[in-house]
Amino acid sequence: MSIPAEPSTPVASDFIREQVQRDQQLGTYGGRVQTRFPPEPNGYLHIGHAKSICLNFGVAAEFGGICRLRMDDTNPETEDEDFVTGIEQDVRWLGFEPGETLYASDYFETIYRWAERLITEGLAYVDDQDAETISAQRGGFTEPGTDSPYRTRTVEENLDLFRRMRAGEYPDGTRVLRAKIDMTDPNPQLRDPVIYRIRHAHHHRTGDRWCVYPNYDWAHGQSDAIEGTTHSVCTLEFDSHRPLYDWFLERLGELGELPRPLAERPRQYEFARLQLTHTVLSKRKLLHLVTNGLVDGWDDPRMPTLRGLRRLGYPAAALRAFCAHIGVAKVNSIHEIELLESFVRDELNRISERRMVVLNPIKVVIENYPEGQVEWLEAVNNPEDPAAGTRQVPFSRELWLEAEDFMEVPAPKFYRLSPGKEVRLRYAYFIKCESVVKDASGAVAELRCTYDPATFGGQAPDGRKVKTTLHWVSAAHAVQGEARHYNRLFTEAHPDAQEGRDPLEFLNPEARVIVTGARFEPSLAEAQPFQHIQFERLGYYCADPELAGVFHRTVGLRDDWAKIRKRQG
RNA sequence: UGGCGGGUAGUUCAAUUGGCAGAACGCCUGACUUUGGAUCAGGAAGUUGCAGGUUCGAUUCCUGCCCCGCCAGCCA
């Protein structure tokens, strides 16, 4: 079972979808469409995988087919059950229903039997050489490979040796099974690739039943065929493996081993993986960040993992919309992270309730407002969604205002508060700054203001206008909290592409900035884990699922004033 | 170096049997506003990698060259 990515957003076509359409019209698979998402459970999913998930599940849904989640768990030394569970969660969070998870390891027996068949047919042999020797014999891009001295072993000897490999008679690395193809093929992938290696390792699902494990090339296409996959979609770097993928399935098909007619065998198609600026998207490098404590874990909001992005506050719908927008092609491309953010803003603008929070507070006393008086004002939860309703916000004589919203000597085009100037407080009144109280060091400590009772609700009966509306929090009612702000994980747009430099050199020490002492309006005390909230005039934030009173800034609002200020220098 | 895959506004993608090169983000300008930040409108932006060829007409077809990516794990 799978559900459409975004029924409302039209999905642009691409070369994969065109192929699927063509196959449906031609009746290649009797109209059947089946894809799969095949992660290796050796880490958590990142946004690059989201592109693949949206593609595979999306294509299946659009063409009335199915998409299966399959663990490519053929390398026991790096894989773990926790990652399986995490991957399942992440796929569901992204909005797709994978159904029962499939495992390549469930096919080990079948694949092993097929390997014996290859041997019987003279299409595979056991090689006793070590990895280094085999590698040296493989040749180079311009030099053909040379045959292994073991290439001409008899079928009987090969079969006996392979069965003993399985029986555990040999230590790791002493023998491998190789496909017998062509050591002179211009494509090194075809130069008798290793398809089984000996690993006396505990597998997270098959336990200690096996000590020989198939390699990717001798497991992936086979798993696809067993499951009935029609379109096996993978990334560009597997392009040179496609002849191998085809070779194996054609041989098995000719031998009558495949569950379906050879004409209906799966076909591999390659697309460009997703790359983003200012981050890294390789499991190896992400694992490094986690294991070396450079981030707090796989779900650290600085991480481009799905769990990290979720905690940061990225809605799954925004990820899906982004993936639909960037399309699928064979060009290697690095997307600007700003593009992703614009999709996040789009979605968050629709769904987030608004609240008032003062991050860097400065005290304001409304001199003519009665001491002890409190007015509960009605505030709109989401102007984009009337159904979100309203809430009550307390107003009183002493307030917190954003320090950045006041300038004693206003810069040009600064329309906020300054001595003698009048502004509107959102949902409340106009206030005017009468005087400034300074501390011993001369810093502004407090603003003395007056309010105009006639401007209740924010309108002046005499028709006078104010240029700006400020957010505020009643000091007596404020809840203290923490905001965590995030900047680019890497200062360099392309940390991976700096000649001779380690990407870690560009790790941004200010990727996370913790802002303490923020004052929240009281309703935020009831924020739910993962709740998306727009702090008015500041940005979109997300309530941490574990840490009470901690909000992650998902993304800031577009800030024209910041641009003006930048231009002013 | 051999093989394979690519090259279209700053960026990422489109362009339906060869028919006026479009969109989004970004950028600039403006409008509006009880979020200066929401929202809306407009604008700039291209020798379609280069050079030839076929054609009335080429991003599209052909040839050569240039540039980028991937491939020489018992990882996936």
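To be clear, the structure that these remarks concern was listed above.
Residues numbered from 1 in each chain as written. Chains lettered and ligands numbered in written order. Predicted model: local features only at pLDDT ≥ 70, side-chain atom pairs only at ≥ 80, totals over all residues. Heavy atoms only, no water.

## A closer look at the protein's contact with RNA strand B
- Close to RNA strand B lie 69 residues, the nearest being Ser333, His335, Arg354, Gly457 and Gln534.
- Among the atoms of RNA strand B lying within 4 Å of the protein, the sugar-phosphate backbone contributes 59%.
- Within the backbone of Tyr415, a nitrogen or oxygen atom sits 2.7 Å from a base oxygen of RNA strand B.
- In this structure, Thr469 approaches RNA strand B through a main-chain N or O atom, which is 2.7 Å from a phosphate oxygen.
- At the level of secondary structure, the elements contributing two or more residues to the surface near RNA strand B comprise helix H5 (131–137), strand E6 (194–198), helix H11 (316–326), strand E11 (333–335), helix H12 (337–351) and helix H13 (560–568).
- In terms of residues, the surface near RNA strand B owes the most to one element, H13, which gives 4 residues. (Near = heavy atom within 4 Å. Polar contact = N/O pair within 3.5 Å; in protein donor to acceptor, adjacent residues only side chain to side chain. Helix = DSSP H or I, 4+ residues; strand = E, 2+ residues; numbered from the N terminus.)

## Some details on the pattern of salt bridges
- Applying the stated rule across the entire model yields 54 salt bridges.
- Among the salt bridges present, the one from Arg537 reaches Asp405, with a minimum N-O distance of 2.2 Å. Taken together, the residues span a long stretch of sequence, with Arg537 in the loop between strand E25 (532–535) and strand E26 (539–543) and Asp405 in the loop between strand E17 (398–402) and strand E18 (422–425) at a distance of 132 residues.
- Take Asp405: its relative accessible area is 2%, and that puts it in the buried class.
- Through salt bridges with shared partners, a single ionic network connects Arg36, Arg70, Asp72, Asp224 and Glu227. (Salt bridge = Lys/Arg side-chain N within 4 Å of Asp/Glu carboxyl O. Buried < 20%, exposed > 50% of the residue type's maximum accessible area, 1.4 Å probe, protein only.)

## A word on the sheet that holds strand E4 (residues 124–127)
- In space, the 4 strands of this open sheet follow the order E4-E5-E6-E7, with antiparallel pairing throughout. Sheet topology places E4 and strand E7 (212–214) at the edges, where each strand pairs with a single neighbour. For this sheet, the mean inter-axis angle between neighbouring strands, taken without regard to orientation, is 20°.
- Here E4 runs beside strand E5 (residues 176–179); their pairing, made up of 4 bridges, is antiparallel. (Pairing = 2+ DSSP bridges. Axes fitted to C-alpha atoms, helices over the stretch in contact; angles between N-to-C directions.)

## Digging into the nonpolar core
- Counting 39 residues, the largest nonpolar core has Ile47, Ile53, Val91, Leu94, Leu319, Phe322 and Leu340 as the members making the most contacts within it.
- Contributions of two or more residues to this core are made by helix H2 (47–62), strand E2 (66–71), helix H3 (81–94), strand E10 (274–276), helix H10 (306–312), H11 and H12.
- The dominant element in this core, judged by the number of residues it contributes, is H11, at 7 residues.
- When residues of this core are sorted by domain, at least three fall in each of domain 1 (15–102 + 217–326) and domain 4 (479–568).
- Residue contacts for Leu319: discarding those within four places in its chain leaves Ile47, Trp93, Leu94, Leu306, Leu309, Tyr314 and Leu340.
- Of all hydrophobic cores here, the second largest spans 36 residues; its members include Leu118, Leu190, Val212 and Tyr245. (Core = buried A, V, L, I, M, F, W, Y, C linked by side-chain atoms within 4.5 Å. Domains from an automatic or database assignment. Contact = heavy atoms within 4.5 Å.)

## Things to note about the sheet that holds E2
- Read across the sheet, 3 strands follow the order E1-E2-E3 without closing on themselves; strand pairing throughout is parallel. This sheet does not close on itself; its edge strands, each paired only once, are strand E1 (34–37) and strand E3 (102–103).
- Pairing between E2 and E3: 2 bridges, direction parallel. Residue pairing for E3: Arg70 is matched across the bridge by Leu102.

## Observations regarding the packing of aromatic side chains
- Throughout the structure, instances matching the rule amount to 24 aromatic pairs.
- Relative to Tyr429, the ring of Phe395 lies with its centre 5.4 Å away and its plane at 55°, an arrangement referred to as tilted. In this pair, Phe395 sits in strand E16 (residues 390–395) while Tyr429 sits in the loop between E18 and strand E19 (430–438), placing the two residues 34 residues apart along the sequence.
- By way of ring pairs, the aromatic residues Phe108, Tyr112, Phe162, Tyr196, Trp210 and Tyr213 are connected into one cluster.
- Taking NZ or CZ as reference, Arg166 lies 4.5 Å from the ring centre of Tyr112, over its face.
- Note that Lys467 overlies the ring of Tyr415, its terminal NZ or CZ placed 4.8 Å from the centroid. (Phe/Tyr/Trp six-rings, centres within 6.5 Å; stacked < 30°, edge-to-face > 60°. Lys NZ or Arg CZ within 6 Å of the ring centre and 35° of its normal.)

Just geometry here; none of it tells us what the structure is for.
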